[in-house]
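What the coordinates show
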Amino acid sequence: MLTKRIIPCLDIKNGRTVKGVNFVDLRDAGDPVELAKQYAEQGADELVFLDISATLEGRGTTLDMVLRVAEQVNIPFTVGGGISSVEHVDALLQCGADKVSINSSAVKRPDLVNELSNKFGSQCVVVAIDAKQVEGQWKVHLAGGSIPTDIDLFEWAKEVENRGAGEILFTSMNHDGTKNGFANEALAKLSETLNIPIIASGGAGNVQHFVDTFTDGKSDAALAASVFHFGEIPIPELKIELKKNNIEVRL
Amino acid sequence: MKLVIINYGAGNIKSIQFAFKRLGVDAVLSNNPEEILAADKVVFPGVGEASSAMQMLKESGLDTLIPTLKQPVLGICLGMQLLCKHSEEGDTEGLGVFQTNVKRFSNDVKVPQMGWNVIKDLKSDLFKGIKENEYMYLVHSYYAEHCNETIAKTDYGINYASALQHNNFYGVQFHPEKSGIQGQKILENFLKLEVKS
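Since the structure is predicted, the reported quantities are computational estimates derived from the model, not experimental observations.

**So, the packing of helix α8 (residues 207-215) of chain A against helix α10 (residues 235-244) of chain A**
Residues and elements named next belong to chain A.
- Relative to each other, α8 and α10 sit at 50°, their axes nearing to 10 Å. When the axis of α8 is compared with that of α10, the two are oblique. Our pair here, α8 against α10, has a crossing hand that is right-handed. From α8, V207, F210, V211 and F214 reach across to α10, where they touch L238, E241 and L242.
- Looking at the contact of α8 with α10 residue by residue, the class counts come to six nonpolar, no polar and one charged.

Shown next as structure tokens:
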């Protein structure tokens, strides 16, 4: 059976990991390659690198980082953050990234989704959607969640599926950072409306939250950052607990 | 050991090259027929859409060369599918090495299948030391139907051929280069294969 996936997300700035990462036995906690290798050994199923560099020079270092990750890590990884052109995606894939994730740029120019899936295949096109529930309505937000739009989450997700997205990474802004669990109701609705995999993001705080998002939320994968980086939830233990709850995972 | 990865413009070949490098083998990326013919082992990769990949093969004349190769050849993902007779994706005629056809998954399952699934009923030296029900990383919307060349099976809505073998031709639907230590072992097995006439 296809397993549910556990995906640590690393924020990258100027080629280095940001936010505190609290790993033992790590020579350099700021080195994305070291962290990626450690996560691969712990049983992470995939990795996501989110580039939050503000400058062009900073972004340039990401390509070099992608190359080094591809060289040394034997599990798949996605690169996202500030990607808005076919050329940029080409460069990232050439360096060995398996998938790219696009977010605001897809909202601004939806044809980008078609262009990428036609040229590189749906399998490498992840569309990330940040949305917030306001008065019962899930509205898409841009630029890391800072700019609200009138776009409905479910309509947008359906549209990008039709345009060739291979996967949706949905972050609930109502849940992100709360550690109170994932947005399972919206996730389940996405899973029922769409026929491509859905990655849950935002709200992971304990093991039960992962169990809930794979059962109630019908998610195909769950992404988290701090609970993994600070060792609050070790991935091997998380997977054993999921297995005990009859959730198919790779052990 | 001279290893050539066929470079015809389709797919993430860097990852495959790096995976062999981790095993201590420097693979050459090439679309040059002489270089491919002279290799000890050939990897035929592929990611993307079948008909456009086949078009690229034809433009470089590799469509006629590949089926004549005598050394061990490993098709990965779309590479494996292109070695089959026909693919529903873009109604594409394949190279006809494997006597089976490629179909799209039904919409009863999420398409693409993306993630880790198990391979079982393993036959072939390619899987030496790999245990039954080992997890491999897969990303695909189309699958190869079973035939008597099936050497590994996977379930995803349907039970299909996740690996095939015909004489010196091997094909795997999964990505050994992205399947952790176990995937690496399969690539190592491939490097050790002897030519059988």
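**Some points on unusual backbone geometry**
- Put simply, V111(B) and P112(B) share a cis peptide bond, and its omega is 5°.
- For P112(B), the position within the fold is in the loop between β7 (101-104) and β8 (113-119).
- Even without glycine at this site, K179(A) takes up a positive phi of about 60°.
- Judged by the 15 C-beta atoms lying within 10 Å of it, K179(A) is partly exposed.

**So, the pairing of strand β13 (residues 169-172) of chain B**
Residue and element names in this part refer to chain B.
- On β13, burial covers both faces: F169 and G171 on one face and Y170 and V172 on the other are all buried.
- Note: strand β4 (residues 73-76) against β13, four bridges, orientation parallel. Bridge assignment links L74 to a residue of β13, and that residue is Y170.
- In this structure, strand β12 (residues 158-166) lies alongside β13, joined through four bridges in antiparallel fashion.

**Some points on the interface of chain B and chain A**
- The interface of chain B with chain A comprises 26 residues on the first partner and 27 residues on the second.
- Secondary-structure elements contributing two or more residues to the side of chain B that touches chain A are α1 (13-22), β8, β9 (134-140), β11 (150-156) and α6 (180-192) of chain B.
- It is β8(B) that contributes the most residues to the side of chain B that touches chain A, five residues altogether.
- For the side of chain B that touches chain A, the class distribution of residues is 11 nonpolar, 10 polar and five charged.

Thresholds applied
Residues numbered from 1 in each chain as written. Chains lettered and ligands numbered in written order. Predicted model: local features only at pLDDT ≥ 70, side-chain atom pairs only at ≥ 80, totals over all residues. Axes fitted to C-alpha atoms, helices over the stretch in contact; angles between N-to-C directions. Helix = DSSP H or I, 4+ residues; strand = E, 2+ residues; numbered from the N terminus. Parallel < 35°, antiparallel > 145°, perpendicular 65-115°, else oblique. Left-handed = near helix turned anticlockwise from the far one by under 90°. Contact = placed C-beta atoms within 7 Å. Nonpolar A, V, L, I, M, F, W, Y, C, P; charged D, E, K, R; others polar. Buried ≥ 20, exposed ≤ 12 C-beta atoms within 10 Å, placed from the backbone. Pairing = 2+ DSSP bridges.

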